[in-house]
Each structure stands twice: as structure tokens, then as C-alpha cells.
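Given next are the chains, with one letter for each unit.
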Amino acid sequence: MLRVARRGAIKARTQAASQLRDLIVTAPGQLREQLAPLPTARRVELAARFRPGDLTSPAEGAKAAMAAVARRHQALSAEIARLDAALEQLVTRTAPSKFLAKKGIATQSASTLLATAGDNPGRLRTEASFAALCGASPGDASTGKQIRHRLNRGGDRHANSALWQIVMTRMPHDPHTKTHVARRTTEGKTIKEIMRCLRRYAAREVYKDLAAHAQAHAETIRGQIAP
């Protein structure tokens, strides 16, 4: 539920940034020249400090609109920060330490995968079932002598995105992943095919950690209720 709230806040903040950009494009020349070259964060900072005067003036009306949108952007950023802190606390308490220690797994990806696993406990019975749940099980698209696999567009797309984030973090920084990418490239695989393989491997790692943790937790519960 916290992730749902966070996604909504991020979407609203993106909309606010787009509205501020559009207001700058249509603003009087002096305001446009002042704000247009700046990055979004700096635009928001400056626009939030506007104190408009007579709103019958086009420039002052534009300042009032920009200030309202910029302050909304700042409020949403603060809300996202609070939600991130709450998610980090829950992930730290819930996820196995071995899982969080893996390269590329941070609070957002971990919380997404934990929520997916928690919503579908029956899919943790086998590694293949969990990979299919995350949309990381490639489908066979072989024809004749050509053997290839296509992207799985099913499953939980948020979990698939979390696996993608893990892979994208590992590709430039993890030595084992870099070696795998180089070997697959020499075999003639495209970067998309390599990333599909890496997502499948990441799903396998996640499954092993979460399944072991779930089993240990279940045994603890059984021990507590045993006579």
C-alpha cells in the first residue's frame, strides 16, 4: 500500500514538473528567459519563492501560477521522502539480510519484490513459477533451425521492472555480470537477449533468498503454536 501511495505521488510530481515547464514556455519573455535554461530542481526552487503582486499583470499572474505548481512539487517531494523512509524501515525489518546484501538490490526494488512475493505466496513453490510471476520466464520463439526466445509480457510488471533495475545496476559495476555480458556478446546475442537472461538469473537469486526466508519463518510460527 505504501508503494501504491509512492507511485501516485511520483506521478503527481511528474505532472507538476510538466505543468511548470509548460507555464514557462508560455510566460512573458523575461520570466521565460530566466527559468527556461534551468534544470527542473532549480526551476522549482526559484518559482516557489515568487511573491506575485497585482494579478492583472500577465507576468504577475504567471508568477502566481508557477509558485503554486512549484510548491506542489516541493510538497510531493517531501511526501515521497517520507514514504521512502517508511519503506526502508519495513524492508530492513522484513527482508533477509542476505537478500539486501546482493549487488543492485536497494529499498525500492526490494520492497517491490517482497510485495509481489507476499501477494502470491503460492508462486514461491518453485523457481520457475516465481520467474513466470515476475515476467522473467522467456517464451520459446524458435523457428526451424533458429533457436531463440521472446520477451514474456505477462506477469507482475512492477516486479519485472525491479529485476530490470537490478540488472541495469549490475551491468556496469558487477564484475561477474560484465564477464557474462562479454561472453554472451561474443556468442552473437543482442543486448536485449542478454538482459532477458540476466533478469532470469536475478529472479533465481531472489527466489532462493525469499523462499528460504519464508520457510524459516513458517517453521518459527509452527514452533510457537506447537503444544
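Bear in mind the structure is a predicted one, so any value in this text is a computation, not a measurement.

What counts as what
- Every chain is numbered independently, its residues counted from 1 as its sequence is written.
- In view of the model being predicted, local features appear only for residues whose pLDDT reaches at least 70, and side-chain atom pairs are presented and counted only at 80 or more, with totals across whole chains, interfaces and linings using the full set of residues.
- Excluding hydrogens and water, the side-chain values take into account all heavy atoms of the structure.
- In this analysis, axes come from line fits to C-alpha atoms, helices being fitted only over the stretch in contact, and the angle between any two N-to-C directions falls in the range 0 to 180 degrees.
- Starting at the N terminus, helices and strands are each numbered in turn, a helix being any DSSP run of H or I of at least four residues and a strand any DSSP run of E of at least two.
- Oblique is the label for any angle not under 35 degrees, not over 145, and not in the 65 to 115 range, which are roughly parallel, roughly antiparallel and roughly perpendicular in turn.
- Should the near helix be turned anticlockwise from the far one by less than a right angle, the crossing is termed left-handed; should it be turned clockwise, right-handed.
- Residue contacts are counted whenever heavy atoms from the two residues lie within 4.5 Å of one another.
- Think of a nonpolar core as a cluster: buried Ala, Val, Leu, Ile, Met, Phe, Trp, Tyr and Cys residues, connected wherever their side-chain atoms sit within 4.5 Å.
- For each residue, the accessible area found with a 1.4 Å probe, counting protein chains only, is set against the maximum for its type, and the residue is called buried under 20%, exposed over 50%, and partly exposed in between.
- Take the number of residues in a helix, subtract one, and multiply by 1.5 Å to get its expected span.
- Should a side-chain nitrogen of Lys or Arg be within 4 Å of a carboxyl oxygen of Asp or Glu, the pair is scored as a salt bridge.

### A short note on the packing of helix 3 (residues 40-48) against helix 4 (residues 58-94)
Phase 1: Viewed as axis vectors pointing N to C, helix 3 and helix 4 meet at an angle of 120°, and their least axial separation amounts to 8 Å. It follows that helix 3 is oblique to helix 4 by the angle criterion. The interaxial crossing formed by helix 3 with helix 4 has left-handed handedness. The residues of helix 4 that touch helix 3, namely those facing T40, V44, E45, A47 and A48, are M66, A67, A70, R71, H73 and Q74.

### Concerning the nonpolar core
Phase 1: Formed by 24 residues in total, the largest nonpolar core has its most connected members in F99, L113, F130, C134, L163, V206 and L210.
Phase 2: Put simply, the parts of the chain that give this core at least two residues each are helix 6 (107-119), helix 7 (127-133), helix 8 (157-173) and helix 10 (191-225).
Phase 3: In terms of residues, this core owes the most to one element, helix 10, which gives 6 residues.
Phase 4: If we ignore the near neighbours within four places in the chain, the residues touching L163 are L113, C134, A136, R199, A202, A203 and V206.

### Thoughts on helix 1 (residues 2-25)
Phase 1: The end-to-end C-alpha separation of helix 1 is 35 Å, in line with the 34 Å expected for 24 residues at 1.5 Å each.
Phase 2: All buried positions along helix 1 are accounted for by R3, R6, A9, A16, L20 and I24.
Phase 3: Buried residues in helix 1 make contact with helix 2 (29-35), helix 3, helix 4 and helix 6.

### Observations regarding the pattern of salt bridges
Phase 1: Overall, the coordinates contain 11 salt bridges when judged by the stated rule.
Phase 2: K102 serves as the salt-bridge partner of D209, at 3.7 Å between the closest nitrogen and oxygen. Residue D209 is found in helix 10, and its partner K102 is found in the loop between helix 5 (97-100) and helix 6; the two are separated by 107 residues along the sequence.
Phase 3: The class of D209 is buried, set by a relative accessible area of 8%.
Phase 4: Relative accessible area serves as the criterion here: at 22%, K102 is assigned to the partly exposed category.
Phase 5: Here R183 and E187 are joined by a salt bridge, their closest N and O atoms 3.3 Å apart.
Phase 6: For E187, a relative accessible area of 45% puts it in the partly exposed group.

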